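Coordinates in review
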Amino acid sequence: ELQKGRYVAAIGRFSDPPRLEDLDALSLAEEDLTDLRRCRPGKCGVKLGDAEILQIRETMSAAGVEWKSAAQETFRNIVLGRAMRYLAEGHGASASYHSARKPVLLDAEFAALASEVSLAHPRLFPLTNYLALYPKGELADVESFLYWSKESLGAKPIVSITHVSMIVSRDPQIREALVAKKQVYASHYLLASLSFMAISASPDGSQQYLVYLNRSRSDVFDGLFGGLIRRTIARTPGSASSCRNVRR
């Protein structure tokens, strides 16, 4: 409910275990469908791995004039498959993108991001480490779930899978909770993302506080116009801190 808004076109929580029906409301934009039709390993407008690209290509080719509906269904199956593999294996070596010439390993991208966060904010290390090691890590009293979303945050809508983990203080005298969100998959722009929201209140509840932290790694500055985009954003008032958090 908190994620809904004008920038979020669609969103849904995955069942436990995830089911294809959870993704009934998910659909790709026309531009993404066109990109998928031209998709090749090493050159694809949507972030996918080699096997996923070949799966999409074979499905669309076999569907003929119905290639758009076939692509939508196959993409939903791909999103479901990523959610299920993540719950079983975490960000293993199989979780990768090969939409550009150089493959991207998501476990390496998130590990680098988690290391930066842990160094800058040591108190967040237990939860950061739990997410980095997932599903092998252990952390008491943590509640987790996955959700998918389609968000309009750039030129193209981003379809993503997010892992949410929440911890509430067991001490009745300490009214606080910590919510962490880890990116599992994103169809555009983002390679890794990790955010934290701390919610606390005074013992009598008269004062409430919220602190939000987000760190992301992106390839948005790559490509022919990457340098120009970076310089433009860097000159924008208030954007310097954001630029420092973006992977070049």
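Relevant structure appears above.
Residues numbered from 1 in each chain as written. Predicted model: local features only at pLDDT ≥ 70, side-chain atom pairs only at ≥ 80, totals over all residues. Heavy atoms only, no water.

1. Re empty space enclosed by the protein
Test applied: Cavities and pockets are found on a 1 Å grid laid over the protein atoms alone: a cavity is a set of points where a 1.4 Å probe fits but cannot escape, a pocket is an open set with protein on both sides within 12 Å along at least five of seven lines, and a lining residue has an atom within 4 Å of such a point. Grid points are joined across faces, edges and corners, and a volume is the space filled by probe spheres set on the points. Put simply, DSSP marks the helices as runs of H or I at least four residues long and the strands as runs of E at least two long, and each gets a number from the N terminus on. Charged residues are taken to be Asp, Glu, Lys and Arg, nonpolar residues to be Ala, Val, Leu, Ile, Met, Phe, Trp, Tyr, Cys and Pro, and polar residues to be all remaining types, Gly included.
This structure, assessed with the given rule, holds one cavity of 30 Å³ or more. Taken as a whole, the largest cavity holds about 110 Å³ of empty space. As for the largest cavity, its lining consists of R82, R85, Y86, E89, G90, H91, G92, S94, A95 and V184. Element by element, the count of residues in the lining of the largest cavity is highest for helix α3 (residues 67–89), at four residues. In terms of residue class, the lining of the largest cavity is built from three nonpolar, four polar and three charged.

2. Quick word on the pattern of salt bridges
What counts here: What makes a salt bridge here is a side-chain nitrogen of Lys or Arg within 4 Å of a carboxyl oxygen of Asp or Glu, nothing more. We call a residue buried when its accessible area falls under 20% of the maximum for its residue type, exposed when it is over 50%, and partly exposed in between, using a 1.4 Å probe and counting protein chains only.
All chains considered together, the criterion is met by 10 salt bridges. In this structure, the salt-bridge partner of K156 is D35, at a minimum N-O distance of 3.1 Å. One end of the pair, K156, is in the loop between β4 (143–151) and β5 (158–168); the other, D35, is in helix α1 (residues 30–37), and 121 residues separate them in sequence. Accessibility expressed as a relative area gives 18% for K156, which makes it buried. For D35, a relative accessible area of 10% corresponds to the buried category. A salt bridge links R85 to E52; its shortest N-O distance comes to 3.5 Å. With R85 in helix α3 and E52 in helix α2 (residues 50–63), this residue pair connects regions lying 33 residues apart in the sequence.

3. Side note on a nonpolar patch on the surface
Using the following cut-off: Any residue with relative accessible area above 30% and no salt bridge may belong to a patch, with like charges joined within 9 Å and the nonpolar Val, Leu, Ile, Met, Phe, Trp and Tyr side chains within 5 Å. Only the protein chains shown count as cover for residues, with accessible areas throughout obtained via the Shrake-Rupley method and a probe of 1.4 Å.
Judged by side-chain polarity, I199, L210 and Y212 come together as a nonpolar surface patch covering roughly 320 Å² of accessible area. Residue placement: Y212 occurs in strand β8 (residues 208–218).

4. Some points on the packing of α2 against α3
To keep it simple, the criterion reads: Helix axes use the C-alpha atoms of the stretch in contact, all axes being lines fitted to C-alpha atoms, and the angles between their N-to-C directions lie in the range 0 to 180 degrees. Orientation labels follow simple angle bins: below 35 degrees gives roughly parallel, above 145 gives roughly antiparallel, 65 to 115 gives roughly perpendicular, and whatever is left gives oblique. By definition, any crossing whose near helix is turned counterclockwise from its far helix by less than a right angle is left-handed, and any crossing with a clockwise turn is right-handed. The contact criterion used is simple: two residues touch if any of their non-hydrogen atoms lie within 4.5 Å.
It is at 8 Å that the axes of α2 and α3 come closest, and there the two elements cross at 155°. Accordingly, the angle class assigned to the pair α2 and α3 is roughly antiparallel. Note that α2 runs across α3; the crossing there is right-handed. Across the interface between the two elements, E52, Q55, I56, T59, M60 and A63 of α2 pack against W67, A70, A71, T74, F75, I78, R82 and R85 of α3. Counted by class, the contact of α2 with α3 contains eight nonpolar, three polar and three charged residues.

5. Describing the layout of surface pockets
By volume, the second largest pocket amounts to about 700 Å³. Lining the second largest pocket are 30 residues, and of these C44, K47, S99, A100 and D219 sit closest to its centre. Broken down by class, the residue content of the lining of the second largest pocket amounts to 11 nonpolar, seven polar and 12 charged.

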